[in-house]
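So you can see what is in the structure, the chains are spelled out below.
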Amino acid sequence: MQKPKQLLKRLSQGWDELKMAARTIAIGDIHGYSTALRALLAIISPTSEDTVIQLGDAIDRGTDSQGVLELLIRVAEQSNLIFVKGNHEELLLNALDDAAALPRWLRNGGNSTLESYGCADPTEISEKHLKFVRSAIDYYETERFVFLHAGYVENLELNEQPALALRWRVTNKNTPPHLSGKTVVTGHTPQLSGKVLDLGHVICIDTNCVHGGWLSAIDMESRTVWQANNRGEAYVYLKGQQC
């Protein structure tokens, strides 16, 4: 029989290992709401061991896209941050490359992003922030999961996916599995219920932060869900609690 001190030591070591375990965490569409992101990061507490995937649409519509990008850059400095390109990052990059594309970006929330920087032209946005936006990738793949912004063509390999599907396709209960057999984690399609849509083969974590709902994040191993809103309120749901 173990002595109490030995048992306590083992329990303490187990708890420390749990705290130090590397996590894979996906964060949904932020849309310029820095208060929600700040509150979410406070309860997640990303570490240097964690991989954090932000699924795109970090900018536009909300009042503080500048603050959101600055926060994400800070996360990148302390964790392994993967920034996936959303349709709003695509719209900004198109506007930078082609002046004819500027009106479309402005109509889709780009005006709010410019206001957050106090400028009238996307070329005046902080170069550090533009470099970060340009670093966004189409998708991120692990042994069991695929992380992308919007959707996919189910019978095409990931490297064959059209940008239109990756950035604009809707995820719903009729979305079929991807041929890889991996669970695909998406954003883009606001879940008006405020709850994560989990179909098993696809998980959508855009929970409508853009329209006063929740900004969500999910730990892919434990399936813990964190949520925060634009008032800075934040909650944690263990697997199966959010129903």
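Please refer to the structure placed before this passage.
A. Fine view of the pattern of salt bridges. Inspection of every chain in the model, using the stated rule, returns 9 salt bridges. For the salt bridge of glutamate 70 with lysine 128, the shortest nitrogen-to-oxygen distance reads 3.2 Å. Of the two residues, glutamate 70 sits in helix α3 (residues 65-78) while lysine 128 sits in helix α6 (residues 127-134), which places them 58 residues apart along the sequence. The class of glutamate 70 is partly exposed, set by a relative accessible area of 23%. Its salt-bridge partner being lysine 182, residue glutamate 141 comes within 2.7 Å of it at the nearest N-O pair. Residue glutamate 141 is located in strand β4 (residues 139-141), and its partner lysine 182 is located in the loop between α7 (163-168) and β6 (183-186); the two are separated by 41 residues in the primary sequence. Residue class for lysine 182 comes out buried when judged on its relative accessible area of 17%.

B. Inspection of the packing of aromatic side chains at higher detail. According to the stated counting rule, one finds 4 aromatic pairs in the structure shown. Residues tryptophan 214 and tyrosine 235 carry aromatic rings whose centres are separated by 5.6 Å and whose planes lie at 70° to one another, so their mutual orientation is edge-to-face. With a gap of 21 residues between them, tryptophan 214 in strand β10 (residues 214-219) and tyrosine 235 in strand β12 (residues 234-237) connect regions that are remote in the sequence.

C. Structural view of the pairing of β6. Residues Thr183 and Val185 point to one face of β6 and Val184 and Thr186 to the other, with burial holding for every one of them. As paired elements, strand β5 (residues 145-148) and β6 share 3 bridges and run parallel to each other. Each bridged residue has a counterpart across the sheet, and for phenylalanine 147 the counterpart in β6 is valine 185. In this sheet, strand β8 (residues 202-204) lies alongside β6 in parallel orientation, the contact comprising 3 bridges.

D. Structural detail: the environment of alanine 36. Along the chain, the position of alanine 36 falls in helix α2 (residues 34-44). For the pair alanine 36 and leucine 215, spaced 179 residues apart in the sequence, the C-alpha separation amounts to 6.4 Å. Apart from the residues within four sequence positions on either side, alanine 36 is in contact with Cys209, Leu215, Ala228, Asn229 and Asn230.

E. A look at the sheet that holds strand β7 (residues 197-198). Spatial ordering of the open sheet is given by β4-β5-β6-β8-β7, a layout of 5 strands whose pairing is mixed. Unpaired on one side and paired on the other, β4 and β7 mark the two borders of the sheet.

F. How the structure looks around the side chain of asparagine 208. Here asparagine 208 shows up in the loop between β9 (206-207) and β10. For asparagine 208, a relative accessible area of 8% corresponds to the buried category.

G. View of a nonpolar patch on the surface. The grouping of Ile43, Val236 and Leu238 at the surface amounts to a nonpolar patch, some 230 Å² of accessible area in total. As for its placement among the helices and strands, leucine 238 is situated in the segment after β12.

H. Main features of the packing of α2 against α3. Contact geometry for α2 and α3: axes closest at 9 Å, N-to-C directions at 25°. It follows from the interaxial angle that α2 and α3 lie roughly parallel. Considering the relative orientation of α2 and α3, their crossing is left-handed. Contacts from Ser34, Leu37, Arg38 and Leu41 in α2 reach Gly67, Val68, Leu71, Leu72 and Val75 in α3. Across the contact of α2 with α3, the residue classes break down as 6 nonpolar, 2 polar and 1 charged.

I. The arrangement of α6 in detail. Of the residues making up α6, those classed as buried are His129, Leu130, Phe132 and Val133. Relative to the axis of α6, the buried residues are bounded by an arc of 155° and lie together on one face. Exposed residues pointing more than 90 degrees away from the buried face of α6 are listed as Glu127 and Lys131. For α6, the elements touching its buried residues are α3, β3 (80-83), α4 (87-97) and α5 (102-117).

J. Representation of the side chain of aspartate 60. Turning to its location among the elements, aspartate 60 is positioned in the loop between β2 (51-54) and α3. Of the polar contacts made by the side chain of aspartate 60, one reaches the side chain of tryptophan 105; its length is 3.0 Å.

K. Highlighting the packing of α4 against α6. Following both chains from N to C, one finds α4 and α6 inclined at 120°, their axes separated by 10 Å at the closest point. Helix-helix and strand crossings are classified by hand; for α4 and α6 the assignment is left-handed. Note on element contacts: α6 touches α4 through Leu130, Val133 and Arg134, opposite Glu89, Leu92, Leu93 and Leu96. Looking at the contact of α4 with α6 residue by residue, the classes come out as 5 nonpolar, no polar and 2 charged.

The rules behind each value
Residues numbered from 1 in each chain as written. Predicted model: local features only at pLDDT ≥ 70, side-chain atom pairs only at ≥ 80, totals over all residues. Heavy atoms only, no water. Salt bridge = Lys/Arg side-chain N within 4 Å of Asp/Glu carboxyl O. Helix = DSSP H or I, 4+ residues; strand = E, 2+ residues; numbered from the N terminus. Buried < 20%, exposed > 50% of the residue type's maximum accessible area, 1.4 Å probe, protein only. Phe/Tyr/Trp six-rings, centres within 6.5 Å; stacked < 30°, edge-to-face > 60°. Pairing = 2+ DSSP bridges. Contact = heavy atoms within 4.5 Å. Patch = residues over 30% accessible without salt bridge, like charges linked within 9 Å, V, L, I, M, F, W, Y side chains within 5 Å. Areas by Shrake-Rupley, 256 points an atom, 1.4 Å probe, with all protein chains shown as cover. Axes fitted to C-alpha atoms, helices over the stretch in contact; angles between N-to-C directions. Parallel < 35°, antiparallel > 145°, perpendicular 65-115°, else oblique. Left-handed = near helix turned anticlockwise from the far one by under 90°. Nonpolar A, V, L, I, M, F, W, Y, C, P; charged D, E, K, R; others polar. Arc of directions from axis to C-beta. Polar contact = N/O pair within 3.5 Å; in protein donor to acceptor, adjacent residues only side chain to side chain.

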